[in-house]
Amino acid sequence: MSFDTLRLKSGKLELIDQRLLPGRIEYPVYDTASGVADAIKGMVVRGAPAIGCAAACGIAVEAIRFSHLESGEFLAKMEDAFSVLASSRPTAVNLFWALDRMREAMKRGGNPAEIAMLLEREAGSIIAQDVEDNLAMGMHGAELVPDGARIVTYCNAGALATAGHGTALGVIRSARHKGISVYSCETRPLLQGARLTAWELSMENIPVTLICDSMAGYLMQKGEIDLAIVGADRVAANGDTANKIGTYTLAVLAKRHGIPFHVACPTSTIDPNTPTGNEIPIEERDSSEVRGYRDVEWAADVPVRNPAFDVTPAELVTSIITEKGVIMAPDSAKISALLAR
Ligand code: MRU
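The rules behind the values
- Residues numbered from 1 in each chain as written.
- Predicted model: local features only at pLDDT ≥ 70, side-chain atom pairs only at ≥ 80, totals over all residues.
- Heavy atoms only, no water.
- Helix = DSSP H or I, 4+ residues; strand = E, 2+ residues; numbered from the N terminus.
- Buried < 20%, exposed > 50% of the residue type's maximum accessible area, 1.4 Å probe, protein only.
- Contact = heavy atoms within 4.5 Å.
- 1 Å grid on protein atoms, 1.4 Å probe; cavity = no way out; pocket = protein on both sides within 12 Å on 5 of 7 lines; lining within 4 Å.
- Points joined across faces, edges and corners; volume = space filled by probe spheres on them.
- Nonpolar A, V, L, I, M, F, W, Y, C, P; charged D, E, K, R; others polar.
- Domains from an automatic or database assignment.
- Pairing = 2+ DSSP bridges.
- Phe/Tyr/Trp six-rings, centres within 6.5 Å; stacked < 30°, edge-to-face > 60°.
- Lys NZ or Arg CZ within 6 Å of the ring centre and 35° of its normal.
- Near = heavy atom within 4 Å.
- Polar contact = N/O pair within 3.5 Å; in protein donor to acceptor, adjacent residues only side chain to side chain.
- Areas by Shrake-Rupley, 256 points an atom, 1.4 Å probe, with all protein chains shown as cover.
- Sits in = over half its atoms within 2 Å of the grid points.

Draft legend 1. Local environment of the environment of Pro28. Counting through the fold element by element, Pro28 comes out in the loop between strand S2 (12-15) and strand S3 (29-30). According to the relative accessible area criterion, Pro28 is partly exposed, its value standing at 26%. Here the alpha-carbon distance between Pro28 and Ala251, two residues 223 residues apart in the chain, equals 36 Å. Dropping the residues within four chain positions of it, Pro28 is found in contact with Leu13, Glu14, Leu15, Asp17 and Val44.

What follows is the structure, encoded as structure tokens:
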């Protein structure tokens, strides 16, 4: 990989600023939990696993910053840090999963300096585990990819959305020796497919063709797409899957054309406490993202909706690919068996 998505260095977090890609590569530095929460909210860092890793680092940097305080004051500051990070974005469950892990790690420490050290170590291990999980997921997922497959993907579930390698793009990376090629849907409104997925794949010379979101059905009808692989922000206990808005449309199209529709995600994205997709909180973002892009506005005076995610019902999902293995035709029983492995 020729870039790092995030680095925890000398008690500070460096994030590649994904709002600027692919035009500019910059690494703003964060040393407060509220700064990291703003970076998550503002999409400096995005993608479910990367959000989880960044939140863990947000806790670690805050602990380091306040490690000189006496215990009571330190713990109060840490409570504020947990709550500011937990309110940054609601859909990706990896955020809450990572915060829970940091809370557990905190319990193992004594004085503030010791806790800060433990939290820094825990954030580092969440990052390392994410890369390992993605490599395992890539290996399992590659077995589902036929030679020469033409794969459609959506949004960015790549190295940029994780600590490295990626989930859906991790499977694609791990299957590149099979002579695959990729259609990347541009992913309105924030163009993660056009700006991030196309950039990541072309840098590694993995054949990628950019399409507008509305073109996927046409290409499926013409027999030019063999399978779909996407990431996930939260998988409910029954296999319903929340991912970037437009994923559901792609899944319906895939079903209509008999094209396998795979979801790749670490088990930290599976939420056993959310029974079905109906209970997954869907983030609504600012209308400015739909009215235009960056400093161009083309629709000023019209009501706008901007749900950032949608839910693909489990019945449209061919498989869920995780670091623990693959489950075909996911349902509650298979998911709880997978989590128990
Ligand atoms: O709003 P974003 O860019 O954070 O949405 C990201 C996605 O929907 C990804 O597909 C998902 O988080 C999986 S990332 C491995």
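Draft legend 2. Local environment of the layout of surface pockets. The computed volume of the largest pocket comes to approximately 290 Å³. Lining the largest pocket are 17 residues, with Arg19, Leu190, Glu289, Tyr293 and Arg294 sitting closest to its centre. Elements that contribute at least two residues to the lining of the largest pocket include exactly helix H7 (192-203), helix H10 (288-291), strand S12 (292-293) and strand S13 (296-297). At three residues, the largest contribution of residues to the lining of the largest pocket is made by H10. For the lining of the largest pocket, the residue count by class is five nonpolar, four polar and eight charged. Residues lining the lining of the largest pocket come from more than one domain, with at least three contributed by each of domain 1 (6-135) and domain 2 (139-339).

Draft legend 3. Region of interest: the sheet that holds strand S14 (residues 309-312). Taken together, four strands build an open sheet; the order of strands is S11-S8-S9-S14 and the sheet is mixed. The open sheet has two edge strands with one neighbour each: strand S11 (270-271) and S14. In this sheet, S11 lies alongside strand S8 (residues 234-236) in parallel orientation, the contact comprising two bridges. Within S11, the residue paired with Val235 across the bridge is Ile270.

Draft legend 4. Just the packing of aromatic side chains, in detail. Inspection of the entire model under this criterion finds one aromatic pair. The ring of Phe82 has Arg103 lying over it, and the distance from NZ or CZ to the ring centre is 4.2 Å. For the cation-ring pair, Lys244 lies above Phe309, with the distance from its terminal atom to the ring centre recorded as 4.3 Å.

Draft legend 5. Broad picture of the site of the ligand. Taken together, the neighbourhood of the ligand is formed by 19 residues, with Arg46, Ala48, Arg89, Asn243 and Lys244 sitting nearest. Arg89 places a side-chain nitrogen or oxygen 2.8 Å from an oxygen atom of the ligand. One nitrogen or oxygen atom from the side chain of Lys244 is found 2.7 Å from an oxygen atom belonging to the ligand. When the ligand is considered free in solution it has 420 Å² of accessible area, and contact with the protein chains removes 100% of it. In this structure the site holding the ligand corresponds to the largest cavity. Taken together, the residues of the shell around the ligand break down into eight nonpolar, seven polar and four charged. There are two domains that each give the shell around the ligand at least three residues, and those are domain 1 (6-135) and domain 2 (139-339).

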